[in-house]
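# Architecture at a glance
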Amino acid sequence: MTVPPVLKSPLSKSLKIALIQLKAGADKAANLTKVTKFVEEAVTKSPTLDLVMLPECFNSPYAVSEFRNYAELIPTGETTTLLSSLAKKHGIFIVGGSIPEIAPEEGNKIFNTSLTFSPEGEIIAKHRKVHLFDIDIPNGITFQESLTLTGGDKATVFKLGEFGNVGLGICYDIRFPELASIASRSPYSSFAMFYPGAFNTTTGPMHWHLLARARAVDNEMYVVLCSPARDVEGGGYQAYGHSLVVDPSGKVIAEAGEEEEEIIYAELDKDAIPKVRDGIPVHYQRRFDVYGDFVGEGKAKVSDK
Ligand SMILES: NC(=O)CCC(=O)C(=O)O
């Protein structure tokens, strides 16, 4: 075996993040007011915060019958405009959960789309959920996003300013290890995968932590999941909550409860990735001669927008 070189961390400076776990109801204006209030609370409590993340579908109910009713144009819709102004006002990155997007240039198809904003309020990443949540578990849950949504056709990797590269997926995307592999490997070398998500009370207990920790250990990178809180009184889709930050060794370093609307904080340490990769060097031991290379330069369809 060739001894791997001690590489510089793909995270050049420790990153302070906050995850906002909230309940999204039918009133879009109320959902957006709540986002504004929570972002303000996060930056007040942690004045040196670098990044705030929101959950999947934070401005609308998570329901196949509602996606088209709540869908907005990007970048001119009210949610995009609000998140851009919040990022700029507070000088932070915002990983803007996801919202239903209507795309006139694609025959008015609806996508489940996540945007990330720079501290200047610019859109620096746009990910359309690639793998649609179509499942049917007898006596558990049946859901078919594909009844109203269209899947995106690209993996998303982008530069988070001076910190380094990160990958972005949405919820069910986490079940497909390829997106995280693409992001973590050369030439992208990301330090984290961000997944706004909304697992539920059937699949959450089975797989939420397992998948987050698996993607972290597979790739020796940070994995960050932000969920809506479970809304028992509101009825409808019962999100699992448990917003989560997992470090590159697979350890959960921050976690929210299930039904609470709350903000959790974590610091992604710039030295953690090289430390883990030096100890268990799977990152450098891959045998592409045996199983091929599906990432390589130009092989995967990767975009930041
Ligand atoms: N919103 C989603 O994609 C839900 C995914 C989910 O619950 C799962 O088990 O996967």
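Bear in mind the structure is a predicted one, so any value in this text is a computation, not a measurement.

Conventions and cut-offs
Sequence order sets the numbering: in each chain, residues are counted from 1 along the sequence as written. Given that this is a predicted model, residues contribute local features only at a pLDDT of at least 70 and side-chain atom pairs are listed and counted only at 80 or more, while totals for whole chains, interfaces and linings are drawn from all residues. Three classes are used. A residue is buried when 20 or more other C-beta atoms lie within 10 Å of its own, exposed when 12 or fewer do, and partly exposed in between, with C-beta atoms placed from the backbone. For helices the rule is a DSSP run of H or I covering at least 4 residues; for strands it is a run of E covering at least 2, with both sets numbered from the N terminus onward. Here a strand pair is declared whenever DSSP counts at least two bridges between the two strands. We call a residue near a molecule or strand when its C-beta atom, built from the backbone, sits within 6 Å of it. Three classes are used: nonpolar for Ala, Val, Leu, Ile, Met, Phe, Trp, Tyr, Cys and Pro, charged for Asp, Glu, Lys and Arg, and polar for all others, with Gly counted as polar. UniProt positions are given in the numbering used here, feature names are shortened, and annotations may be inferred rather than shown by experiment. A fitted line through C-alpha atoms represents every axis, and for helices the fit uses only the stretch in contact; the resulting angles, taken between N-to-C directions, go from 0 to 180 degrees. Should the near helix be turned anticlockwise from the far one by less than a right angle, the crossing is left-handed, and should it be turned clockwise, the crossing is right-handed. Contact criterion: two residues are in contact if their C-beta atoms, reconstructed from the backbone, are within 7 Å. The arc in question is traced by the directions running from the helix axis to the C-beta atoms. When describing relative orientation, an angle under 35 degrees is termed roughly parallel and one over 145 degrees roughly antiparallel, while 65 to 115 degrees is termed roughly perpendicular and anything else oblique.

### Re the pairing of strand 9 (residues 155–160)
Of all six residues that make up strand 9, five are buried, and the element is covered over most of its length. As judged from the two bridges shared by strand 9 and strand 16 (residues 302–303), these two strands associate in the parallel manner. Its bridge partner being in strand 16, Thr-156 is matched across the sheet by Ser-303. Bridge analysis of strand 9 against strand 10 (residues 164–168) gives five bridges, and the strand direction is antiparallel. For Thr-156, the partnering residue across the bridge sits in strand 10 and is Leu-168.

### A closer look at the site of the ligand
Around the ligand, a shell composed of Glu-56, Phe-133, Cys-171, Tyr-172, Arg-175, Ala-198, Phe-199, Asn-200, Thr-203 and His-207 is seen. Its residues placed into classes, the shell around the ligand shows five nonpolar, three polar and two charged.

### Some words on the sheet that holds strand 14 (residues 252–255)
Spatial ordering of the open sheet is given by 14-13-12-11-10-9-16, a layout of seven strands whose pairing is mixed. The two strands at the open ends of the sheet, each matched to only one other strand, are strand 14 and strand 16. Relative to strand 11 (residues 192–196), strand 10 is paired through three bridges, and the arrangement is parallel. In the strand pairing of strand 11, Val-166 is matched with Ala-192.

### Section: the UniProt feature "domain: CN hydrolase" (unreviewed entry) in the protein chain
On the UniProt side, "domain: CN hydrolase" (unreviewed entry) is annotated at positions that read residues 15–270 here. For residues 15–270, the end-to-end C-alpha separation is 8 Å, with 23% helix and 29% strand making up the annotated structure.

### Considering the packing of helix 4 (residues 177–184) against helix 5 (residues 203–219)
Close contact between helix 4 and helix 5 brings their axes to 10 Å; oriented N to C, the two are set at 35 degrees. Between helix 4 and helix 5 lies a crossing of right-handed hand. Residues Pro-177, Ala-180, Ser-181 and Ser-184 of helix 4 touch helix 5, and the partners they reach there are Arg-215, Asp-218 and Asn-219. Grouping the amino acids of the contact of helix 4 with helix 5 by side-chain chemistry returns two nonpolar, three polar and two charged.

### As for unusual backbone geometry
Pro-75 follows Ile-74 through a cis peptide bond whose omega is 15 degrees. Backbone torsion omega between Ser-186 and Pro-187 reads 10 degrees, so that peptide bond is classified as cis. Tracing the sequence through the fold places Pro-187 in the loop between helix 4 and strand 11. Backbone geometry places Ser-189, a non-glycine residue, at a positive phi of 50 degrees. Here Ser-189 falls in the partly exposed class, since 18 other C-beta atoms lie within 10 Å of it. With a phi angle near 55 degrees, His-242 is a residue other than glycine that sits in the positive phi range.

### Describing helix 6 (residues 272–279)
Every buried residue of helix 6 is listed here: Ala-272, Ile-273, Val-276 and Arg-277. Down the axis, helix 6 shows its buried residues gathered within 120 degrees of arc, on one side only.

### Regarding the packing of helix 1 (residues 28–45) against helix 3 (residues 78–90)
Contact geometry for helix 1 and helix 3: axes closest at 11 Å, N-to-C directions at 15 degrees. The pairing of helix 1 with helix 3 is recorded here as roughly parallel in orientation. Classified by chirality, the crossing of helix 3 by helix 1 is right-handed. For the pair helix 1 and helix 3, the contacting residues are Leu-32, Thr-36, Val-39 and Val-43 in the first and Thr-79, Leu-82, Leu-86 and His-90 in the second.

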